[in-house]
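# Topology and contacts: notes
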Amino acid sequence: MEFKTIIEPFRIKSVEPVRMTTPDERAYFLREAHNNPFLLPSDKVLIDLLTDSGTSAMSSRQWAAMMLGDESYAGAKSWERFYAEINDLTGMPHVLPAHQGRAAERILYGHLGGKGKYFFSNTHFDTTRANIEFSGGTAIDLPCPEARDFDSDKPFKGDLDAEALEQQIRKVGAANVAAVILTVTNNSGGGQPVSMANAKAVAGICKQHHIPFVLDCCRIAENAYFIRHREPAYAHLSYREIAQEMFALADAAIMSIKKDGLVNMGGFLALRDPKLAEACTNLLIITEGFATYGGLSGRDMEAIAVGLEEVFEADYLHYRIRSTAYLGEKIRALGVPVIYPIGGHAVYVDAKRLYPHIPPEQFPGQALVCALYQTGGVRTVEVGSVMFGKYDAKGAFVPAQQELVRLAIPRRVYTQSHMDYVIEVFDAVQRRRAEAKGYRITHEPPFLRHFTAHFEAL
Ligand SMILES: *Cc1c(COP(=O)(O)O)cnc(C)c1O
């Protein structure tokens, strides 16, 4: 018998209180934060869906493992456990620890990149793009055409457009392509999964042209869930076996372990090529730490080794993916436009369609982010013209392509009743959609303005 309710596959041993606030208090806190929820102190937030990065709850096994942390500078036992876990998962002989994903990115892309070098990806995550561009290289996104249609229920909208990749390689010359990066799942592309068929096609093209194929594998376990349930050839494999098969296609892997590692901090770079590993290890030692800790403490490496096992457990992944879909499908049923199908780690709301009366230069996504906080103390993030909008040479506003709001779900942190509450908040917000007003920026820094900009309601 199959039951409908998706229960959290854990009991709660330790709790962290969250604070209820009144609408008047929230109006005050939002004003104090200049209508930018990034500037809210976390204790003023009831349900925090700002990010799934580093916000996981650890298991009792992980906390117990931390007590085994060996803090020796070189060759610690904890390093051996960390190495064994990542070596088994990726099949790659060289593993470089790093304090988070972008540190591994800086090392690899700083080394491979530089002026005249091209990188192609289904979608470069923002820190990936920033590290490539900082090296002088060029990052080009080649998402599959289905990614642009928010409503179609295509199963693998995270795929890379393999045909466009071949064209681009011919155009710039294979010798100038530093790497092809497949981001699984595709974070910036709505958390949509990448199929094994696509990973194989991309690997084939890379092999043919002798181009390194890198997996940005932050959410490889979530991606494996989608492959097993949507790609018939993989229905009989375990989630971990599916991930291992995808790693087998790649030359290198970079992971922000703050996502599917079920820990609060950490990253790694795994490589097959010994020469490349040696060059990267030199950079690691200069900027991150010695090769057997790379900016992590022994106890961190212990918790990571356990987290990378737990994340592939079938009950966990089923709960994880189904509970994200539960939230997305319920708010969609209320009439809230969302990117469909729902991705693995987050629900993306289309604020442009929710608030058609607010033009992009008045930031419909920011209006929704503020309404969700004001209405129910729920913190989310705008992924639209606040984050990606620009000004042209004459100072005219150039909007982003999309006006989205992301609801990222921390792993193992919230229960179904928390999600039912968020659904009720959405119901209240969408009933008053016609009254929503736009915002204007009153203060902005030159880079990454979404973190610190100030806004005023119009
Ligand atoms: C989070 C993330 C990164 C960067 O990792 P940090 O740990 O935040 O430095 C890179 N790529 C993807 C796809 C990510 O989601």
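Residues numbered from 1 in each chain as written. Predicted model: local features only at pLDDT ≥ 70, side-chain atom pairs only at ≥ 80, totals over all residues. Heavy atoms only, no water.

### Some thoughts on the state of the cysteines
Rules: Cysteine sulfur atoms are paired as a disulfide whenever they fall within 2.5 Å. Relative accessible area decides the class of each residue, using a 1.4 Å probe on protein chains only: under 20% of the type maximum gives buried, over 50% gives exposed, and in between gives partly exposed.
Tallied over the full model, the rule gives zero disulfides. Cys144 carries a free sulfur, and the closest cysteine sulfur to it, the one in Cys206, is 17 Å from it. Cys280 takes part in no disulfide bond, and the closest cysteine sulfur, belonging to Cys217, lies 15 Å away. You can call Cys280 buried: its relative accessible area is 0%.

### Comments concerning the domain arrangement of the protein
The criterion, for reference: Residue ranges assigned to each domain were obtained from an automatic or database domain assignment. By definition in these notes, contact holds between two residues if any of their heavy atoms fall within 4.5 Å. Joining two parts hides part of their accessible area as seen by a 1.4 Å probe, and the buried area is that hidden amount summed over both. For salt bridges, the criterion is a side-chain nitrogen of Lys or Arg within 4 Å of an Asp or Glu carboxyl oxygen. By the criterion applied in these results, polar contacts are pairs of N or O atoms within 3.5 Å in which, for protein atoms, one can donate a hydrogen and the other can accept it, and in which residues neighboring in sequence qualify only through two side-chain atoms.
You can read the domains of the protein as domain 1 (23-52 + 313-457) and domain 2 (60-310). One C-alpha centre belongs to domain 1, the other to domain 2, and the line joining them spans 27 Å. If you look at the interface, domain 1 gives 25 residues, while domain 2 gives 25 residues. A buried area of about 2,300 Å², summed over both sides, lies between domain 1 and domain 2, and 52% of it is on carbon and sulfur atoms. Across the contact surface, domain 1 and domain 2 share six salt bridges. For Arg412, the salt bridge goes to Glu310, with nearest N and O atoms at 3.0 Å. Across the domain 1-domain 2 interface, the total number found is 14 residue pairs in polar contact (both at pLDDT 80 or more).

### Some points on the pattern of salt bridges
What the rule picks out here adds up to 25 salt bridges. Because the salt bridges share partners, they merge into one network encompassing Asp52, Arg219, Glu222, Asp260, Arg320 and Arg411.

### Comments concerning the sheet that holds strand β11 (residues 381-383)
The criterion, for reference: For two strands to be treated as a pair, DSSP must find no fewer than two bridges joining them. Strands are runs of DSSP state E lasting at least two residues, helices are runs of H or I lasting at least four, and both sets are numbered from the N terminus onward. Between N-to-C directions, angles span 0 to 180 degrees; the directions come from axes that are lines fitted to C-alpha atoms, helices contributing only their stretch in contact.
An order of β9-β14-β11 is seen for the three strands of this open sheet, with the pairing classed as antiparallel. The sheet is open, and its two edges are formed by β9 (346-350) and β11, each paired on a single side. For this sheet, the mean inter-axis angle between neighbouring strands, taken without regard to orientation, is 30°. Two strands pair when backbone bridges link them, and β11 and strand β14 (residues 404-408) are joined in this way by three bridges, in the antiparallel orientation. Counterpart to Val383 in the pairing with β14 is Leu404. Packed onto the sheet, helix α12 (residues 314-333) meets β9 and β14 and runs at close to 20° relative to β9. In this fold helix α14 (residues 364-376) packs onto β9, β11 and β14, with an angle of close to 40° to the strand it touches most, β14.

### A short note on the site of the ligand
We count it as follows: Definition of nearness: a residue and a molecule or strand are near each other if at least one heavy atom of the residue lies within 4 Å of the molecule or strand. Each accessible area is a Shrake-Rupley estimate made with a 1.4 Å probe; only the visible protein chains count as cover when residues are assessed.
Around the ligand, the structure places 14 residues, and the nearest of them are Gly101, Arg102, Asp216, Ser256 and Lys259. Here Gly101 contributes a backbone N or O atom positioned 2.9 Å from an oxygen atom of the ligand. Lys259 places a polar side-chain atom, nitrogen or oxygen, 2.8 Å from an oxygen atom of the ligand. Notes on the ligand: free accessible area 380 Å², of which the protein chains cover 97%.

### Quick notes on the side chain of Glu403
Mapping Glu403 onto the fold places it in the loop between β13 (397-398) and β14. Side chain to side chain, Glu403 and Ser385 meet in a polar contact 2.5 Å long.

### A look at the pairing of β14
Counting buried positions along β14 yields five of five residues, so the element is predominantly enclosed. Side-chain alternation along β14 places Leu404, Arg406 and Ala408 on one buried face and Val405 and Leu407 on a second face that is also buried. Two strands pair when backbone bridges link them, and β9 and β14 are joined in this way by five bridges, in the antiparallel orientation. Paired with Tyr348 across the bridge in β14 is Arg406.

### Here's the deal with the nonpolar core
Worth spelling out the cut-off: Only buried Ala, Val, Leu, Ile, Met, Phe, Trp, Tyr and Cys residues count toward a nonpolar core, and they belong to the same one when joined by side-chain atoms within 4.5 Å.
Judged by nonpolar contacts, the single largest core of 113 residues is most densely connected at Phe82 and Leu215. Element by element, the count of residues in this core is highest for α12, at eight residues. Composition of this core by domain shows at least three residues from each of domain 1 (23-52 + 313-457) and domain 2 (60-310). Non-local contacts of Leu215, meaning those with residues more than four positions away in its chain, are made with Leu182, Val184, Ile220, Met246, Phe247, Ala250, Ala252, Ala253 and Ile254. If you look at the next biggest cluster of nonpolar residues, it comprises 24 residues, including Ile107, Tyr109, Phe119 and Ala291.

### Observations concerning the packing of helix α1 (residues 23-32) against α14
It is the contact of α1 with α14, at a shortest axis distance of 7 Å, that shows an interaxial angle of 145°. Residues Pro23, Arg26, Ala27, Phe29 and Leu30 of α1 pack against Cys370, Tyr373, Gln374, Thr375 and Gly376 of α14.

### Considering the packing of α12 against helix α16 (residues 416-431)
Short version of the rule: For classification, angles of less than 35 degrees are called roughly parallel, those exceeding 145 degrees roughly antiparallel, those between 65 and 115 degrees roughly perpendicular, and all remaining angles oblique. Left-handed describes a crossing whose near helix is turned anticlockwise from the far helix by less than a right angle; the clockwise case is right-handed. When residues are sorted by character, Ala, Val, Leu, Ile, Met, Phe, Trp, Tyr, Cys and Pro go into the nonpolar class, Asp, Glu, Lys and Arg into the charged class, and all the rest, Gly among them, into the polar class.
Contact geometry of α12 with α16 gives a least axis separation of 10 Å together with a crossing angle of 25°. Classified by the angle their axes make, α12 and α16 are roughly parallel. The handedness of the crossing between α12 and α16 is right-handed. Mapping the contact onto sequence places Tyr326, Leu327, Lys330 and Ile331 in α12 and Gln416, Met419, Asp420, Val422, Ile423 and Phe426 in α16. Partitioned by chemical class, the residues of the contact of α12 with α16 number seven nonpolar, one polar and two charged.

### Quick look at the environment of Glu241
Mapped onto the elements of the fold, Glu241 is located in helix α9 (residues 239-249). In sequence terms Glu241 and Leu89 are 152 residues apart; their C-alpha atoms lie 8.6 Å from each other. Polar contacts involving the side chain of Glu241 include one to the main-chain amide nitrogen of Ser238, which spans 2.9 Å.

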